[in-house]
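# Structural overview
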Amino acid sequence: MTVINVAHNKDTVALVADSQLSSFIRKSMNGDKIYFDNFPGMISGVTGNSIFFIDEAIGKIEFPPEPPLDPGTLSGAIHYRLRDLKNQKIDSDLISAYNLTIEDLVRGQKKDDKIDETLLKNLQQELENKNGRWKQYLDNSVTTIGFDGKNPEIYYADPFTRDKISLNFYSSGSGSDLASQSLQNFYETIKDPNSLKTT
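The structure reproduced in this document is the subject of the present report. Quick caveat, the model's predicted, so the values are computed rather than measured.

## Points about the overall build of the protein
When you go through the protein residue by residue, the secondary structure sums to 6 helices and 10 strands. If you line up the protein on its principal axes, its C-alpha atoms span 65 × 40 × 30 Å. Classification of the 199 residues of the protein by burial places 40% in the buried group. On the protein, roughly 11,800 Å² of surface is accessible, and the fraction owed to carbon and sulfur atoms is 49%. Looking at charge distribution, the protein has the averaged site of its 22 positive side-chain charges lying 2 Å from that of its 28 negative ones.

Now the structure itself:
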């Protein structure tokens, strides 16, 4: 189970992550899920089926040398890199196994030939199945918190989307259902989340 929790008031941002890393055969307590040196002024936490996939995608991000970088721009870049790398890896698998591409599946046929209907339908469903054949590419996300000027912001990115979170808190990962409920219960007791004291 993975949980990334982020929260902010008007002056402070915070991210808390668990340290459990899981694979098919073992669990360990040394998962490195936080990026805080990579992007000055921001903290990002990662969840998903392949931390290595996320590392590879983030390693491909290039920014102009002019700071400052804001959370929305960073989250957008992360989304595009996750999406592009996902498409590249799935295309490679499709070409190797079926001599097909994602474009062929979206189009519903090869440029010069038809695709077996049953195979086409199954592969099209797999393109969005986060628990299926390509889960190591599909089920990965990055939550980023930081400041856009003086305003704290939270963003969520995965290979499919990038969203700005309007609340003062957010949870992602397989344990986010319980973590979100706990944070919701806490924030319901706070009159003004932006004025919440951190000391």
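## Describing helix H4 (residues 117–126)
Restricting attention to buried positions, one finds in H4 the residues Leu 120, Leu 123 and Glu 126. Along the axis of H4, the buried positions cluster into a sector of 130°, meaning they face one direction only. Those residues of H4 that are exposed and aimed more than 90 degrees away from the buried face are Glu 117, Thr 118 and Lys 121. At its buried positions, H4 is contacted by helix H2 (71–98), helix H3 (102–107) and helix H5 (135–138). Backbone nitrogen of Thr 118 and a side-chain oxygen of the N-cap are separated by 3.2 Å at the start of H4; the cap is Asp 116.

## With respect to the environment of Asp 177
In this fold, Asp 177 is placed in helix H6 (residues 176–187). The exposure class of Asp 177 is exposed, given its relative accessible area of 54%. As for Asp 177 and Val 16, which are separated by 161 residues in sequence, their C-alpha atoms are 15 Å apart.

## Describing the pattern of salt bridges
Summed over the entire model, instances satisfying the criterion amount to 8 salt bridges. Between Glu 56 and Lys 89 there is a salt bridge, and its shortest N-O distance comes to 3.3 Å. With Glu 56 in helix H1 (residues 51–59) and Lys 89 in helix H2, this pair connects stretches of sequence that are 33 residues apart. Using a relative accessible area of 31% as the deciding quantity, one classes Glu 56 as partly exposed. By relative accessible area, Lys 89 is classed as partly exposed at 26%.

## Let's talk about the sheet that holds strand E6 (residues 42–48)
Two pairing modes exist for strands in a sheet, parallel and antiparallel, and in both the strands are linked by backbone hydrogen bonds. Ordered in space as E5-E6-E7-E8-E9, the 5 strands form an open sheet in which the pairing is antiparallel. Two strands bound the open sheet, and with one partner strand each, they are strand E5 (34–35) and strand E9 (162–165). In the sheet, strand E8 (residues 151–157) pairs with E9 via 4 bridges, with the strands oriented antiparallel. Bridging from a neighbouring strand, Tyr 155 pairs with Lys 164 of E9. Each of E5, E6 and strand E7 (140–148) is contacted by H1, which is oriented at about 45° to E7, the strand it contacts most. Its contacts with the sheet put H2 on E6, E7, E8 and E9, and the angle it makes with E8 is roughly 10°.

## So, the nonpolar core
The biggest cluster of nonpolar side chains holds 29 residues, and the ones touching the most others in it are Ile 58, Ile 78, Ile 90 and Trp 134. For this core, the elements supplying multiple residues, two or more each, are E6, H1, H2, H3, H4 and H5. Top element by residues in this core is H2. It accounts for 7 residues. Grouped together as the second largest cluster of nonpolar side chains are 8 residues, Ile 4, Val 6, Ile 154 and Ile 165 included.

Criteria and cut-off values
Residues numbered from 1 in each chain as written. Predicted model: local features only at pLDDT ≥ 70, side-chain atom pairs only at ≥ 80, totals over all residues. Heavy atoms only, no water. Helix = DSSP H or I, 4+ residues; strand = E, 2+ residues; numbered from the N terminus. Buried < 20%, exposed > 50% of the residue type's maximum accessible area, 1.4 Å probe, protein only. Areas by Shrake-Rupley, 256 points an atom, 1.4 Å probe, with all protein chains shown as cover. Lys, Arg positive; Asp, Glu negative; His and termini not counted. Charge placed at Lys NZ, Arg CZ, Asp CG, Glu CD. Arc of directions from axis to C-beta. Contact = heavy atoms within 4.5 Å. Polar contact = N/O pair within 3.5 Å; in protein donor to acceptor, adjacent residues only side chain to side chain. Salt bridge = Lys/Arg side-chain N within 4 Å of Asp/Glu carboxyl O. Pairing = 2+ DSSP bridges. Axes fitted to C-alpha atoms, helices over the stretch in contact; angles between N-to-C directions. Core = buried A, V, L, I, M, F, W, Y, C linked by side-chain atoms within 4.5 Å.

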